[in-house]
Amino acid sequence: MLIAGRCISLFAMSLSDEFWMEEALREAQRALTLGEVPVGAVVVREGRIVGRGCNRPLSANDPTAHAEILALREAGTTVGNYRLLDCDLYVTVEPCPMCAGAITHARIRRLIYGAEDAKAGAVHSTLQVLNHPKLNHKVEVRSGVLAARCMHLVQSFFRERRSEGDNSP
Ligand SMILES: [Zn+2]
């Protein structure tokens with residue numbers, strides 16, 4: 001049993017970042033069906049998803065209901081700890097300052113994201129909240145995972161919104 005369990009665990013841990021980003025993209029699709037900006041996130045611990053979130057500030061009437069925040073909240077409940085030391089967060093778009101702060105509070109081990117956010121990204125793009133020199137907690141970051149698909153989803157959402165605006169009287 002122990003050997004079998006170990007094999008499964010090693011197999012799960014060998015799954016690639018692209019595999020988990022597919023799950024985050026699934027959450028982004030869910031946001032799209034709610035009429036929200038399509039961003040999705042999952043938290044992974046020991047080869048298993050412990051938290052999921054899709055962006056939903058409009059439908060939830062909650063300015064903090066970003067995909068990452070919802071995924072972190074669910075992960076905290078699942079793990080039974082507000083610190084998520086051995087957890088990795090996958091999100092389709094570069095986190096904003098609020099989410100970068102939450103990632104630091106949660107002590108996330110690795111952040112893996114897809115598309116850059118030139119307007120609000122707080123990892124590399126606009127601000128550097130995550131891994132700020134004044135903060136103790138350092139997060140390993142990998143960007144650009146399935147970036148084209150993550151970006152395409154967001155861009156087509158805004159293109160559609162603009163064309164709807166053009167057609168309005
Ligand atoms: Zn955010």
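Just so you know, these numbers come straight off a predicted model, no measurement behind them. (Residues numbered from 1 in each chain as written. Predicted model: local features only at pLDDT ≥ 70, side-chain atom pairs only at ≥ 80, totals over all residues.)

**Looking at the overall build of the protein chain**
Phase 1: Across its full length, the protein chain carries 6 helices and 5 strands.
Phase 2: Going from N to C terminus, the protein chain has its helices and strands arranged as α-α-β-β-α-α-β-α-β-β-α.
Phase 3: Sorting the 169 residues of the protein chain into buried and exposed places 36% on the buried side.
Phase 4: Long-range contacts, defined here as pairs at least 24 residues apart, represent 56% of the contacts in the protein chain between residues at least 6 apart. (Helix = DSSP H or I, 4+ residues; strand = E, 2+ residues; numbered from the N terminus. Buried ≥ 20, exposed ≤ 12 C-beta atoms within 10 Å, placed from the backbone. Contact = placed C-beta atoms within 7 Å.)

**Comments concerning unusual backbone geometry**
Phase 1: Positive phi, normally seen in glycine, also occurs at N61, with a value near 50°.
Phase 2: Note on placement: N61 falls in the loop between α3 (57-60) and α4 (67-79).
Phase 3: Looking at N61, the number of C-beta atoms within 10 Å reads 8, which means it is exposed.

**Topic: the confidence of the model for the protein chain**
Phase 1: Across the protein chain, the average pLDDT comes to 91, with 89% of residues at or above 70.
Phase 2: In this model residues 1-5 is a low-confidence stretch, pLDDT under 50, and it forms 0 contacts with partners more than four residues away in sequence or in other chains. (pLDDT = per-residue confidence, 0-100.)

**Things to note about the nonpolar core**
The nonpolar side chains of soluble globular proteins are, as a tendency, buried together.
Phase 1: If you look at the biggest cluster of nonpolar residues, it comprises 45 residues, and the most contacted ones within it are A24, V43, A71, L89, Y90, V91 and I103.
Phase 2: Broken down by secondary-structure element, the contributors of at least two residues to this core are α2 (17-33), β1 (40-45), α4, β3 (87-93), α5 (97-106), β4 (110-115) and α6 (147-167).
Phase 3: With 7 residues, the top contributor of residues to this core is α2.
Phase 4: In this view, Y90 contacts W20, M21, A24, A41, V42, V44 and I112; residues no more than four positions away in its chain are not counted. (Core = buried A, V, L, I, M, F, W, Y, C linked by C-beta atoms within 7 Å.)

**Quick look at the pairing of strand β2 (residues 48-54)**
Phase 1: Note: β1 against β2, 6 bridges, orientation antiparallel. Residue pairing for β2: G40 is matched across the bridge by C54.
Phase 2: Between β1 and β2, which pair antiparallel in sequence order, lie 2 residues; one of them, E46, sits at a positive phi of approximately 50°. (Pairing = 2+ DSSP bridges.)

**Section: α4**
Phase 1: End to end, α4 covers 18 Å across 13 residues, agreeing with the expected 18 Å (1.5 Å per residue, within 8%).
Phase 2: Residues of α4 that are buried sit in contact with α2, β1, β2, β3 and α5.
Phase 3: Immediately beyond the C-terminal end of α4, within one or two residues, lies G80, with a positive phi of roughly 80°. (Expected span 1.5 Å × (residues − 1).)

**Some words on the sheet that holds strand β5 (residues 140-142)**
Phase 1: Ordered in space as β2-β1-β3-β4-β5, the 5 strands form an open sheet in which the pairing is mixed. The open sheet has two edge strands, β2 and β5, and neither has a second partner. The mean inter-strand angle of the sheet, taken between neighbouring strand axes irrespective of direction, is 15°.
Phase 2: Lying on the sheet, α2 is in contact with β1, β2, β3, β4 and β5; it crosses β1 at an angle near 140°. (Axes fitted to C-alpha atoms, helices over the stretch in contact; angles between N-to-C directions.)

**Here we look at the packing of α4 against α5**
Phase 1: Taken N-terminus to C-terminus, the directions of α4 and α5 make an angle of 20°; their axes are 9 Å apart at the nearest point. One element, α4, and the other, α5, form an angle in the roughly parallel class. Crossing geometry of α4 relative to α5 is assigned as left-handed. From α4, E68, I69 and L72 reach across to α5, where they touch C99, A102, I103 and A106.
Phase 2: Considered class by class, the residues forming the contact of α4 with α5 number 6 nonpolar, no polar and 1 charged. (Parallel < 35°, antiparallel > 145°, perpendicular 65-115°, else oblique. Left-handed = near helix turned anticlockwise from the far one by under 90°. Nonpolar A, V, L, I, M, F, W, Y, C, P; charged D, E, K, R; others polar.)

**Structural notes on the environment of M151**
Phase 1: Structurally, the position occupied by M151 is in helix α6.
Phase 2: Residue classification places M151 among the partly exposed positions, given that 16 C-beta atoms sit within 10 Å.
Phase 3: As for M151 and D117, which are separated by 34 residues in sequence, their C-alpha atoms are 9.0 Å apart.

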